[in-house]
Amino acid sequence: MSQTANTQSTIRAERENTLSLEDDDQAQPSQQNRSGVRLEATAAVETLECRLSAQTAGVVTAYLTDDSGAVLERQTIATLEGGDTFEFVSGLDAGEAYWILCDAQGREYVRGRAAVNYPRESGAITATHGIYTEGGSRSQNYRYCIDRIRTGPTASEIGGVLDLERDDEAQSWSDLSKRSGVRLRATAAVSGLECRISTETEGLTTAYVTTDSGSVLAQQPIGDLEAGDAFVLDVDLSAGETYWVVCDADGQSFVRGRAAVDYPLESDVLEATHGIYAGDGAQSDQYRYCLDRIQPTAASSQIGATLTLGSDEIGQSWSGLTQPSGVRIETTEEIGGIECRLSAATQGITTAYLTSDTGEIIERQTLVMHEAGDTFTFDTRLEADTAYRLLCGARGQEYVRGRTEVDYPRRSDSIVATNGIYSGRSFSSNYRYCLDRVRPATDGQSASESIGESGTPLDLQTDETAQSWRSLTEPAGVRLQATEQIAGLECRLSTLTDEVTTAYLTDDSGTVLAQQSLTDSEAGDIITFDVELAADAYYRILCDADGQRYVRGRAAIEYPLEGDSLRVTDGVYSGDALSSSYRYCIDQITPVVADRELTEGLGTRPTDVTVVNVLEHPAIDASGDLSAEILSYLEAQNEINHAFVLPMGTYTWNTGFYLGGSLEYLEISGDPRATLQVRDPAVDVAFEFGRWGNTNPPQRVVLRNLDVDIDDQPDRDAGLLIAHVNSCLVDNIELIGQRWRHGPEGGDRYTCLVNTRDTEGLSVIRNLSLPDGDREDPAFSSVGHSIGISADPPHNGVNVWTQCYVEEFVDNGFYVRNSPGYNIVDHSLAVNCGNGSVRLGEADEARDCKIRLDRGSEQTYPGTGLWLNGDQPTAERITIDGSDAHNDLLRVNSGADGGHVRDLSLRCGSSATAPTVRCSSTSETDLQGVLIEDFAITDVSTANNNPSVNIRRSDVTFRSGVIDVANRPALGGTEMPTLEDIEIR
């Protein structure tokens with residue numbers, strides 16, 4: 001089958017696997033019951049991707065249940081909005097029925113409703129009813145909350161992948177040792193190749209990309225990889241040139257997978273012309289070898305855009321080498337972000353900095369999981385004809401910096417490297433440090449993020465005219481076609497566009513798919529539509545002023561304009577009229593493509609693990625105290641390298657599950673979900689792995705798809721997990737029932753503590769739900785109540801807390817501030833927690849989180865919202881609802897030497913007594929600078945006359961934001977902050 005046919009069949013399959021449930025026709029407020037839709041699976045399904053309907057708002061949790069309502073999987077969706085998607089990874093069995101439900105954990109929410117003619121069928125699923133109560137009340141006429149369901153895995157980057165067919169033979173003989181693979185021609189410039197080892201291939205050690213004469217351009221060790229694994233060859237391929245991608249075992253024999261193919265095979269940017277089978281270029285026009293898929297690693301960069309800075313000649317390290325090092329650059333044009341690569345000899349880097357030419361930090365990226373050759377991205381827009389510094393360091397610790405001699409200046413199309421930087425700020429005219437490649441970014445996010453990445457921007461020319469007259473009120477913009485599936489769009493307001501209030505993404509008939517408020521936006525700002533665009537479909541991006549007059553920027557365009565995955569065909573004016581000569585309001589569009597999830601690697605069970613089904617193993621009595629049964633079974637084993645599978649049901653868990661010594665792998669998982677009931681007051685914590693002082697902690701622990709139930713009586717109390725491990729995955733776990741730490745059966749202070757002991761270790765805590773909190777006891781201090789989520793010394797590695805939900809814990813929600821390791825709190829929700837809802841310290845980050853403080857007047861110990869409390873933490877894209885806040889909404893205190901808060905939305909309600917922002921220091925604070933930028937503060941408090949923003953330290957800067965305070969002073973304190981582009985209303 002040709003690649004074009006493959007692509008067309010993939011697109012058809014994508015459409016067949018999408019179940020559309022109509023657009024909302026009503027928004028129903030003040031709902032509390034779980035609501036959604038009932039499905040029947042007509043075939044086995046691996047995953048479900050669900051989209052929140054446009055009018056649905058305020059939901060916290062989504063549930064996949066069986067047809068009796070028993071929860072199979074839950075997802076925390078508190079940070080999502082109408083039009084956003086989420087995924088259930090539990091499989092659906094053919095012939096079975098399921099419910100997909102949403103709620104707000106007992107709070108009121110708005111549910112979108114649409115009239116539907118049931119049944120609705122698509123591919124492997126059929127929607128039969130709407131569901132509008134937790135008990136399963138059915139509607140034959142409506143669906144709720146979900147407007148689209150897609151069976152998966154869904155296709156991504158259609159057209160970008162070169163499919164080389166599955167192996168039909170495994171070849172092996174004693175002297176089969178020559179390089180084998182495939183011959184490619186690049187039909188466009190490509191920056192790097194991602195290649196997958198075919199299913200029958202074994203024993204490879206090295207992969208190469210060569211010229212068409214066999215000269216090696218790049219090679220990659222792949223000895224640790226197996227069939228199905230992918231590797232990357234980081235090399236630039238020029239349009240029109242031919243290359244070989246080949247593999248071998250360094251002179252030893254290996255097994256090569258072979259498939260018969262009909263050459264040429266084509267993708268959007270690559271063409272496979274022959275197989276290579278003898279190392280010297282012997283070509284086959286019938287077979288391919290060793291590799292079954294090749295695709296670009298990222299959108300192709302334009303020739304000349306990459307600034308190469310030479311390969312390392314030396315790795316420098318000594319006891320005093322602790323200050324950041326890097327390179328100074330000057331831009332010759334505006335750049336929408338910059339991608340940097342760590343040089344080969346550089347080691348031990350934890351943080352990268354983009355600074356101004358005076359050393360002021362503009363953006364920082366955590367690189368603790370990065371190695372030499374890895375790339376990272378600063379997504380700050382760089383102005384033309386401006387100097388910046390790109391620096392790497394280890395936050396005051398020693399590291400190894402790669403160095404090479406450079407003949408400055410070094411130039412690319414838009415960047416000039418002028419000097420090396422060493423000792424933090426000293427210039428070198430002879431060397432560069434730590435970075436061996438710099439180029440304009442093709443994605444707008446750091447490499448640690450798992451949410452998505454952007455493709456190559458499509459430039460729509462700079463405005464030539466600003467048009468405005470009395471009757472210019474109708475929407476204007478551009479019409480485009482998605483030439484492949486796209487996960488979303490980033491659009492830039494053109495330079496002369498002004499006074500617009502709303503942006504819309506519509507289908508080609510004008511039906512609104514998503515809209516964004518532009519009230520606080522200006523020319524040059526980016527608008528994001530997080531809506532999937534189907535391949536080959538047409539859409540319109542429009543702006544207006546909600547019926548009022550506005551100014552639209554216009555530029556002459558020679559249509560069509562084409563990018564990697566977009567084709568702009570027309571301008572749109574007067575609402576729906578098309579122009580073949582002009583575009584309006586938008587001067588750049590960037591496609592957003594989906595990225596891989598962080599949990600993929602940690603969630604893969606090693607092949608040598610012993611798997612035990614607790615209902616089937618004769619040594620385990622699953623009807624007894626299952627915790628004690630599993631511990632007894634493990635005591636009889638020579639080593640612990642086990643996975644325990646708990647089929648769906650309820651089990652007794654009346655013994656604290658403690659494993660303190662070294663173990664290779666331990667997994668306990670529900671299939672698809674299991675409930676563990678704690679009914680013995682002696683259980684202080686359900687799971688405990690390792691001890692504080694252990695020098696040889698457990699290597700890897702996995703807990704998945706479990707509910708721990710302490711909800712049988714008010715006195716019951718137990719924590720969920722204490723883990724001192726080198727690596728762990730906690731996925732889809734909930735603690736059911738309110739804790740009472742100071743009650744008669746008080747358990748451990750920690751509810752979920754994860755200390756990743758290995759400095760190179762990674763732990764992912766995903767979909768952890770702690771909705772019931774801890775009982776507030778006024779007889780005791782807030783400190784000493786139970787803590788929701790925490791990491792403490794000796795946490796030294798990296799914890800990623802993603803899609804976690806914590807509510808009403810008295811002694812902090814997320815308390816990660818006092819460990820030397822890294823914590824990334826991502827897409828999570830904290831509600832009404834005492835002390836600090838999200839409390840960050842050294843090397844910590846919060847991203848895309850929501851914090852709610854709406855019951856402060858009812859609490860003895862109301863807490864702060866976001867608290868920067870150690871070293872120089874960062875936070876971006878944070879929303880704080882302080883409608884009834886009785887403590888600081890944003891606090892930066894003396895424990896923090898500095899910090900960076902970016903893209904902050906903060907609201908203080910009328911009854912709130914708290915300041916919106918409080919910054920303070922003491923004589924012991926090493927002032928490094930606090931920057932709060934791209935923010936909107938709204939304060940309508942009438943509770944007191946204290947300043948809304950209270951500044952008591954001298955290093956605070958507010959940049960590019962609005963401070964809107966209705967009834968009390970906007971600014972106060974002992975220090976006046978630096979204000980840059982600030983509007984005070």
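What you see is a predicted model, and the numbers here were worked out from it, not measured in a lab.

K.L.:
Run through the overall build of the chain, naming residues and quoting values.
P.N.:
Within the chain, the regular secondary structure consists of 3 helices and 85 strands. In summary, the chain has a C-alpha radius of gyration of 29 Å against a globular reference of 30 Å for 985 residues, a match within 12%. Dimensions of the chain, computed from C-alpha atoms along their principal axes, come out at roughly 80 × 80 × 70 Å. Buried residues in the chain amount to 58% of all 985 residues. Of all intrachain contacts in the chain linking residues separated by at least 6 positions in sequence, the fraction that spans at least 24 positions is 80%. Put simply, the chain shows about 37,000 Å² of open surface, and 40% of that area lies on carbon and sulfur atoms.

K.L.:
A description of the state of the cysteines should follow, citing residues and the corresponding values.
P.N.:
By definition, a disulfide links the sulfur atoms of two cysteines through a covalent bond. The full count for this structure, using the stated rule, is 0 disulfides. Considering cysteine sulfurs only, cysteine 585 is the nearest to cysteine 543, which forms no disulfide, with 4.8 Å between them. Cysteine 804 supplies the cysteine sulfur nearest to cysteine 849, a cysteine that is in no disulfide, at a spacing of 9.1 Å.

K.L.:
Requested: an account of the sheet that holds strand E62 (residues 685–689), with residues and values cited.
P.N.:
If you walk across this open sheet you meet the 12 strands as E60-E62-E64-E66-E68-E71-E74-E76-E78-E80-E82-E84, and the pairing is parallel. The open sheet has two free edges, formed respectively by strand E60 (657–659) and strand E84 (971–973), since each of these has just one partner strand. The sheet contact formed by E62 and strand E64 (residues 719–725) spans 4 bridges and is parallel. Pairing of phenylalanine 689 across the sheet is with alanine 723, part of E64.

K.L.:
Before we move on, can you summarise the pattern of salt bridges with the specific residues and values?
P.N.:
Applying the stated rule across the entire model yields 62 salt bridges. Taking the shortest distance from any N to any O, the salt bridge between glutamate 334 and arginine 492 comes out at 3.7 Å. Taken as a pair, glutamate 334 in the loop between strand E31 (325–331) and strand E32 (338–342) and arginine 492 in strand E47 (residues 488–493) lie far apart in primary sequence, 158 residues in all. Using a relative accessible area of 44% as the deciding quantity, one classes glutamate 334 as partly exposed. Note that arginine 691 is salt-bridged to glutamate 688, the shortest N-O span being 2.8 Å. Take arginine 691: its relative accessible area is 36%, and that puts it in the partly exposed class. We classify glutamate 688 as buried; its relative accessible area is 15%.

K.L.:
Describe the sheet that holds strand E18 (residues 190–197), listing the residues and the values that go with them.
P.N.:
Either a parallel or an antiparallel arrangement is found when strands of a sheet pair, and the pairing is made through backbone hydrogen bonds. Strand order across the open sheet formed by 4 strands is E15-E28-E18-E21, with antiparallel pairing between neighbours. Of all strands in the sheet, those bounded by a partner on one side alone are strand E15 (162–163) and strand E21 (230–237). Relative to strand E28 (residues 291–296), E18 is paired through 5 bridges, and the arrangement is antiparallel. From the neighbouring strand, cysteine 195 faces E28, where its bridge partner is isoleucine 294.

K.L.:
Any details on the nonpolar core? Residues and values, ideally.
P.N.:
Phe644, Phe657, Phe687 and Trp801 are the most contacted members of the largest nonpolar core, which totals 91 residues. Top contributing element to this core by residue count: helix H3 (residues 626–635), with 5 residues. When residues no more than four places from it in sequence are discounted, the contact partners of phenylalanine 657 are Ser627, Ile630, Leu631, Leu634, Leu666, Ile668, Val685, Ala686, Phe687, Glu688 and Phe689. One finds Ala41, Leu64, Ala127 and Tyr805 within the second-largest nonpolar core, a separate group that totals 37 residues.

K.L.:
Quick rundown of the packing of aromatic side chains? Include the residues and the values.
P.N.:
One pass over the structure, following the stated rule, counts 14 aromatic pairs. Pairing tyrosine 573 with tyrosine 584 gives two aromatic rings, centres 6.0 Å apart and planes at 50 degrees, and the pair type is tilted. With a gap of 11 residues between them, tyrosine 573 in strand E54 (residues 566–573) and tyrosine 584 in strand E56 (residues 582–584) connect regions that are remote in the sequence. The class for tyrosine 584 is buried, based on a relative accessible area of 4%. Clustering of aromatic rings is evident, with ring pairs tying together Trp653, Phe657, Phe687 and Phe689.

K.L.:
Account for the pairing of strand E48 (residues 502–507), with residues named and values stated.
P.N.:
Among the 6 residues of E48, 5 are classified as buried, and the element is accordingly described as predominantly covered. Note that E48 and strand E49 (residues 512–517) share 5 bridges and pair antiparallel. Bridging from a neighbouring strand, leucine 505 pairs with alanine 514 of E49. In textbook terms, the turn of a hairpin is the stretch between consecutive antiparallel strands, and for E48 and E49 this stretch comprises 4 residues, one of which, glycine 510, has a positive phi near 100 degrees. In terms of strand pairing, E48 meets strand E51 (residues 538–544) through 6 bridges, oriented antiparallel. Each bridged residue has a counterpart across the sheet, and for tyrosine 504 the counterpart in E51 is leucine 542.

K.L.:
Would you mind going over the side chain of aspartate 436 in detail, with residue names and values included?
P.N.:
As for its position among the elements, aspartate 436 is in strand E42 (residues 435–440). Residue contacts for aspartate 436: discarding those within four places in its chain leaves Leu307, Thr308, Leu309, Gly310, Arg341, Leu342, Ser343 and Ala344.

K.L.:
With reference to specific residues and values, describe the environment of asparagine 141.
P.N.:
Topologically, asparagine 141 is positioned in the loop between strand E12 (138–139) and strand E13 (142–144). Apart from residues lying up to four places away in sequence, asparagine 141 is in contact with Ala114, Ala115, Val116 and Tyr118.

K.L.:
Give me unusual backbone geometry: which residues, what numbers.
P.N.:
Look at the link from tyrosine 263 to proline 264: it is a cis peptide, with omega at -5 degrees. Note the cis peptide between proline 793 and proline 794, where omega equals 15 degrees. At asparagine 835, a residue that is not glycine, the phi angle is positive and equals roughly 60 degrees. Topologically, asparagine 835 is positioned in the loop between strand E73 (829–831) and strand E74 (836–840).

K.L.:
I'd like a description of the pairing of strand E58 (residues 610–613), backed by residues and values.
P.N.:
Of the strand pairs in this sheet, E58 and strand E59 (residues 641–652) are connected by 4 bridges, and their pairing is parallel. Note that in E59 the partner of valine 611 across the bridge is alanine 643. Handedness of the crossover joining E58 and E59 through H3: right-handed.

Parameters at a glance
- Residue positions are given per chain, counting from 1 as you read along its sequence in written order.
- The predicted nature of this model means local features are confined to residues of pLDDT at least 70 and side-chain atom pairs, given and counted, to a pLDDT of 80 or more, with totals for whole chains, interfaces and linings taken over all residues.
- Values reported for side chains reflect all heavy atoms of the structure, with hydrogen atoms and water molecules removed beforehand.
- In this text, helices come from DSSP runs of H or I with a minimum length of four residues, and strands from runs of E with a minimum of two, each type numbered from the N-terminal end.
- It is over C-alpha atoms that the radius of gyration is taken, and the globule rule equals 2.2 Å times the number of residues to the power 0.38.
- Relative accessible area decides the class of each residue, using a 1.4 Å probe on protein chains only: under 20% of the type maximum gives buried, over 50% gives exposed, and in between gives partly exposed.
- The contact rule is simple, with two residues in contact once any of their heavy atoms fall within 4.5 Å.
- Every accessible area reported is derived by Shrake-Rupley at a probe size of 1.4 Å, with residue values counting cover from the shown protein chains alone.
- Cysteine sulfur atoms are paired as a disulfide whenever they come within 2.5 Å of each other.
- Here a strand pair is declared whenever DSSP counts at least two bridges between the two strands.
- Think of a salt bridge as a Lys or Arg side-chain nitrogen and an Asp or Glu carboxyl oxygen that are within 4 Å of each other.
- In plain words, nonpolar cores are sets of buried Ala, Val, Leu, Ile, Met, Phe, Trp, Tyr and Cys residues tied together by side-chain atoms within 4.5 Å.
- Within 6.5 Å between ring centres, the rings of Phe, Tyr and Trp (the latter by its six-membered ring) count as paired, and their orientation is classed by plane angle as stacked under 30 degrees, edge-to-face over 60, tilted in between.
- Assignment of crossover handedness uses the view with strands pointing away from the viewer, where a clockwise path from the first strand over the helix to the second indicates a right-handed crossover.

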